[in-house]
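Structural overview for review
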Protein chains: 2
Amino acid sequence: MINGLDSKVLRLETINPHVVNIEYAVRGPIVQRALQIEEALKKGEKRNFKEVIKCNIGDCHATGQKPLTFCRQIMAMLAFPELENDERFPDDVKQRARRILQSCGGGSVGSYSNSLGIQCIREDVASYIERRDGIPSNSADVFLASGATEAIKLIFFLQYILHLISTGEDGNRRAGVMVPIPQYPLYSATNAEMNAYQIEYYLEEANNWALNIRELERALRASDGCCVPRALVVINPGNPTAQVLSRSCMEDVIRFAYDNRLVLLADEVYQFNIYQPRACPWTSFKRVLHDMGPPYATGVELASFMSCSKGFLGECGFRGGYCELVNFDPAVANQLYKALSARLCPPVIGQAMVAALVDPPTESEPSYALFIQERDRVLEDLRIKADLVTRTLNSLPGVTCNPIQGAMYAFPRIELPPKAVLAAKEQGQQPDFFYCLQFLEEKGVCVVPGSGFGQAEGTFHFRCGVLVVFNFLYRSLARSFPTRYNDQLVWWKLEGVLPPSYFRAICVCFATCN
Amino acid sequence: MINGLDSKVLRLETINPHVVNIEYAVRGPIVQRALQIEEALKKGEKRNFKEVIKCNIGDCHATGQKPLTFCRQIMAMLAFPELENDERFPDDVKQRARRILQSCGGGSVGSYSNSLGIQCIREDVASYIERRDGIPSNSADVFLASGATEAIKLIFFLQYILHLISTGEDGNRRAGVMVPIPQYPLYSATNAEMNAYQIEYYLEEANNWALNIRELERALRASDGCCVPRALVVINPGNPTAQVLSRSCMEDVIRFAYDNRLVLLADEVYQFNIYQPRACPWTSFKRVLHDMGPPYATGVELASFMSCSKGFLGECGFRGGYCELVNFDPAVANQLYKALSARLCPPVIGQAMVAALVDPPTESEPSYALFIQERDRVLEDLRIKADLVTRTLNSLPGVTCNPIQGAMYAFPRIELPPKAVLAAKEQGQQPDFFYCLQFLEEKGVCVVPGSGFGQAEGTFHFRCGVLVVFNFLYRSLARSFPTRYNDQLVWWKLEGVLPPSYFRAICVCFATCN
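Residues numbered from 1 in each chain as written. Chains lettered and ligands numbered in written order. Predicted model: local features only at pLDDT ≥ 70, side-chain atom pairs only at ≥ 80, totals over all residues. Heavy atoms only, no water.

In the annotation of an unreviewed UniProt entry, chain A is listed under the name alanine transaminase and assigned to Fasciolopsis buskii. Looking at the Sequence similarities (unreviewed entry) heading of the UniProt record, one finds this comment for chain A: "Belongs to the class-I pyridoxal-phosphate-dependent aminotransferase family. Alanine aminotransferase subfamily." Comment text from UniProt for chain A, heading Pathway (unreviewed entry), reads "Amino-acid degradation; L-alanine degradation via transaminase pathway; pyruvate from L-alanine: step 1/1." (UniProt positions renumbered as here; feature names shortened; annotations may be inferred.)

This is the structure:
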């Protein structure tokens, strides 16, 4: 009955300030606006487009990719085991489903699993890693999670909160986490959430987004006194930057982590999305670490993250992911595993999707032919799209885009005319945010401004999933392009058409006209 | 290349101390030991039991409960939409699945959903709440999560970390969260994880675990100067204590929350598990809040949590849950929703399970009859088991158990002989931990000691899910019971048999013999 009862207990001033600090551009204000426009369109609002094309996120199925029959048949049988008797379901599907059901309490995916994941699936993951790297993997070092996202957040959580230890040589400082710029904003959001100090190292755009060890050193030095550096995040293939790291670069990174006592956090969720496997092959950090021998092979703590949301499955909605710990202190792993137990377990069907990812049909099994056909079609589609996007973007005046060697995004640099930069500033917006908002409002295309990922001062970019590139290019073709800023600032213009392989490809021209 | 390179970067001394502080008894050391024994049994180790019976957790399907056909058919169709043409799937199942698929990007549950959940499912939840309470519910106030667990952790996260704000009238103190003792250890684990100050109020065992408002007042006073009290957790029906709160008690709680400016966190996940609906009916906090009128109805911030893991579905593995916010500042809700976006989305199939929970078949639909039959069988089974467990436990010397009015657990008080207490102390264990460990080692039954939930000083309890009670009692029947502490301390003895309804019921006697 005291003062201020008309105001809430929880207000912006009283809630956790770290929540307020979180930013996640991939689903940020531009995307919120896109959802509003979608709702308005549904309610009959007239615009010069009928639907919003969301290139903001690597959402494969939402952009037309088809689920793989093998995986989905397993999921259906897990949900409804009576399908066991269905003749349309091949034997290898039934065998996979039976094996998982036998590992579930009461033979039901409705029961809780072990907090670390179903044991036989952890073993499948370890087998996959062994086949991939040619070196041993132990299922005890693997845990499953609700997507790679949850696994990453958990590992971050394990490390942060040095700021609470006010005794000892570390003093009262925060844990420092090195993050590439541009980065996938899960990392900056998690650092904000956990109040970790973000040590930003810049990738070299002019050198195909290379990771330069001297820049790591500069960034670390610059953080001196601000934090206790604890971890180094590397995203390979890059998101949003699409580069695949060379082996020698990875060796440099490992030496740097070792010399500076940093845990290496390897985001390797795009390991199946490799578009130039000969020129730019992908290797796991675990393999490179192993090949370097002592003291690195046993001296660097490495956590590697993988997901069934990307690659050829693209099953984002199932929330399946895993993490492999290498060289972790078992006592620390046990603490992590204990923390996991209070989350009960990852979604069991999502775990099963991980199993389908790492234990595909073999050549002698009935699902093999269809599986390979569907898998290869997805990957080939992505490869063609990645190539076309790069070439198309580079054909546009004012746009440059590094080759897409891996992952699923283009991150072109765009030149914005001074008047556009000015107009943005007048509205209190970042220039590329302004640009993306205009693109959404006028064309119904949702891309994410580079400022949400980080970029060198004075440069502007956007991230655009390659998945939807044809929809996006087609949209540009099908309409005329006046905008409110038409004659002063920015407009989109169709420029030409080129016809590769089996589809009509379309070239869009981004022109500045000031 | 500096000192200590042979030790790890992450050690028990360097990781987040809050992780080290987490305890989660429901999957704690006793359960870890149970898993070890299970593994050893699989490898052929001989014991006087062939499998461990896990009564540690409310894992319905793992303990024999069958999934409901209606729900599982929907899940199967979502996973494999080709089942659309299957004549064995009734029209209402197909209609539910089609509606959800139409709300998914690309018509696939493999696409990401909105971070707050699929809109049509949020609307289904709001409709369910309206039918339940007879008062309006807005889907904008509902968000879906990966089980109620994730929703609860998110709301906690929103509130904590006052300790970082060293300015202002609150000074440098931690957020305080009031938690019942005994409590479901998710709450203590989350408080530890987030470094919140736990204000413990004791439920009155002698008064059927009643929540006494004077005890709330005492606990709050005792916390004075240690924290800034922010939230009050109430679990109704109680876990592990199984009581259902009376309306007048709920009114007291609401007044207390209002007077002391506390956010009310209502864990209502067992709202379908009500065994004495006439004598002890369940009412939602939202409804009671509404009925109290101003200033309470609009002045108390309430978050209510619900799950598809309990009730009649028991679909724990699907990780479906939701939270409804009442009277929250929209700006605060928006901050929460933003934080949710960095988690991408809850598992889509889990969301669909929530839809199946809140939108069951209606009387005119083809699945109705089977649905009702299956649902009622589950609930009637639980009711009978709850009743039998209570009566059986109370028939045992040295054991008292309050009636199970709701939820799925018995939390009997056990008298332990002084010699057992002494033996426990010699081993550095809590007496009831010692007891539960013996019970596991000797009988292969895994129950959780009361010390994991909290209990009044000098009292001992264990929590045992009623789901498996027949297995557990049968185990006791089928074996002889010498233990290492046989003649000095504790043993289990069969005492009698009683036969209700359609199954053999068995009575186990817990005897102390000192």
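Read on for the rest.
Some remarks on the interface of chain A and chain B
Between chain A and chain B, the contact holds 102 residues from the first and 101 residues from the second. Taken as a group, L10, Y112 and R261 of chain A account for 10% of the area that chain A buries against chain B, more than any other trio of residues on that side. Linking chain A with chain B are 4 salt bridges. Counting across the interface, chain A meets chain B through 33 residue pairs in polar contact (both at pLDDT 80 or more). Of all the elements in the fold, those that place two or more residues in the side of chain A that touches chain B are α1 (17-21), α3 (69-79), α6 (147-159), α7 (186-193), α9 (247-259), α11 (296-299), α12 (330-341) and α13 (348-358) of chain A. Broken down by element, the side of chain A that touches chain B gets its largest block of residues, 7 residues, from α3 of chain A. (Contact = heavy atoms within 4.5 Å. Buried area = accessible area lost by both parts, 1.4 Å probe. Salt bridge = Lys/Arg side-chain N within 4 Å of Asp/Glu carboxyl O. Polar contact = N/O pair within 3.5 Å; in protein donor to acceptor, adjacent residues only side chain to side chain. Helix = DSSP H or I, 4+ residues; strand = E, 2+ residues; numbered from the N terminus.)

Here we look at the relation of the copies chain A and chain B
When chain A is fitted to chain B, the best match, at an RMSD of 0.0 Å, comes from turning it 180° and sliding it 0.0 Å along the axis. Seen this way, the second copy is the image of the first under a two-fold rotation axis. The position closest to the rotation axis in chain A is occupied by the C-alpha of A76 of chain A, lying 2.1 Å away. Looking at chain A, 99% of its interface residues are interface residues in chain B too, so the copies touch through the same face. (Least-squares fit on C-alpha atoms with pLDDT ≥ 70 in both.)

Observations regarding the side chain of T149 of chain B
With respect to the helices and strands, T149 of chain B occurs in helix α6 (residues 147-159). With residues near it in sequence (within four places) discarded, T149 of chain B still touches A342, R343 and L344 of chain A together with L186 and R319 of chain B.

Comments concerning the packing of helix α2 (residues 29-42) of chain A against helix α16 (residues 431-443) of chain A
Residues and elements named next belong to chain A. At a minimum axis separation of 10 Å, α2 and α16 run at an interaxial angle of 15°. Of the possible angle classes, the one that applies to α2 and α16 is roughly parallel. Crossing hand, α2 versus α16: right-handed. Of the residues in α16, those in contact with P29, I30, R33, A34 and I37 of α2 are F433, C436, L437, L440 and E441. Among the residues forming the contact of α2 with α16, the class breakdown is 8 nonpolar, no polar and 2 charged. (Axes fitted to C-alpha atoms, helices over the stretch in contact; angles between N-to-C directions. Parallel < 35°, antiparallel > 145°, perpendicular 65-115°, else oblique. Left-handed = near helix turned anticlockwise from the far one by under 90°. Nonpolar A, V, L, I, M, F, W, Y, C, P; charged D, E, K, R; others polar.)

Quick notes on the state of the cysteines
The final tally for this structure, using the stated rule, is 0 disulfides over all chains. Between C226 of chain B, a free cysteine, and C227 of chain B, which holds the nearest cysteine sulfur, the sulfur-to-sulfur gap is 6.2 Å. Free cysteine: C345 of chain B, not disulfide-bonded; nearest cysteine sulfur from C316 of chain A at 7.9 Å. (Disulfide = S-S within 2.5 Å.)

Side note on the pairing of strand β3 (residues 174-181) of chain A
All names here are of chain A. In terms of burial, β3 is a largely internal element, 7 of the 8 residues being buried. The pairing of β3 with strand β5 (residues 227-235) spans 5 bridges and is parallel. Each bridged residue has a counterpart across the sheet, and for A175 the counterpart in β5 is V228. Chirality of the crossover, the property in question, places the unit of β3, α7 and strand β4 (residues 197-202) among those that are right-handed. (Buried < 20%, exposed > 50% of the residue type's maximum accessible area, 1.4 Å probe, protein only. Pairing = 2+ DSSP bridges. Right-handed = clockwise from strand over helix to strand, strands pointing away.)

Considerations on the sheet that holds β4 of chain A
Residues and elements named next belong to chain A. Sheet architecture is open: 7 strands sit in the order β2-β8-β7-β6-β5-β3-β4, paired in mixed fashion. Both edges of this open sheet fall to β2 (142-146) and β4, since each of them pairs with a single strand only. Along the sheet, successive strands turn relative to each other by an average axial angle of 25°, direction set aside. The sheet contact formed by β5 and strand β6 (residues 263-267) spans 5 bridges and is parallel. Bridging from a neighbouring strand, V234 pairs with A266 of β6. On the sheet, helix α8 (residues 213-222) packs against β3, β4 and β5 and is oriented at approximately 150° with respect to β4.

Here we look at the packing of aromatic side chains
Here the structure, examined in full by the defined rule, presents 28 aromatic pairs over all chains. Centre to centre, the rings of F411 of chain B and F453 of chain B are 5.6 Å apart; their planes meet at 80°, and the pair counts as edge-to-face. In this pair, F411 of chain B sits in the loop between β10 (409-410) and β11 (413-414) while F453 of chain B sits in the loop between β13 (448-449) and β14 (462-465), placing the two residues 42 residues apart along the sequence. For the pair F411 of chain B and F453 of chain B, a shared accessibility class is recorded, and that class is buried. An aromatic cluster of at least three residues, connected via ring pairs, comprises F70, Y128, F272, F312 and F371 of chain A. (Phe/Tyr/Trp six-rings, centres within 6.5 Å; stacked < 30°, edge-to-face > 60°.)

Examining the nonpolar core
Ranked by internal contacts, the top residues of the largest apolar core, which has 343 residues, are F143 of chain A together with F143 of chain B. Non-local contacts of F143 of chain A, meaning those with residues more than four positions away in its chain, are made with L116, A151, L154, I155, G321, Y322, C323, L325, L336, Y337 and L340 of chain A. (Core = buried A, V, L, I, M, F, W, Y, C linked by side-chain atoms within 4.5 Å.)

Digging into the packing of helix α3 (residues 69-79) of chain B against helix α4 (residues 91-103) of chain B
Residue and element names in this part refer to chain B. The geometry of α3 relative to α4 is characterised by a closest axis approach of 9 Å and an angle of 45° between their N-to-C directions. It follows from the interaxial angle that α3 and α4 lie oblique. The crossing of α3 and α4 is right-handed. Side by side, α3 and α4 meet where F70, Q73, I74, M77 and L78 of the first sit next to D92, V93, K94, R96, A97, I100 and L101 of the second. When its residues are assigned to classes, the contact of α3 with α4 shows 8 nonpolar, 1 polar and 3 charged.

Quick word on empty space enclosed by the protein
The tally for this structure, following the rule as stated, stands at 15 cavities of 30 Å³ or more. Looking at the largest cavity, its volume works out to about 560 Å³. Considering the residues around the largest cavity, the lining is formed by 34 residues, among which E150 and R343 of chain A together with E150, K153 and R343 of chain B are closest to the centre. Going through the elements one at a time, α6 of chain A together with β2 (142-146) and α6 of chain B are the ones with two or more residues in the lining of the largest cavity. In terms of residue class, the lining of the largest cavity is built from 18 nonpolar, 6 polar and 10 charged. (1 Å grid on protein atoms, 1.4 Å probe; cavity = no way out; pocket = protein on both sides within 12 Å on 5 of 7 lines; lining within 4 Å. Points joined across faces, edges and corners; volume = space filled by probe spheres on them.)

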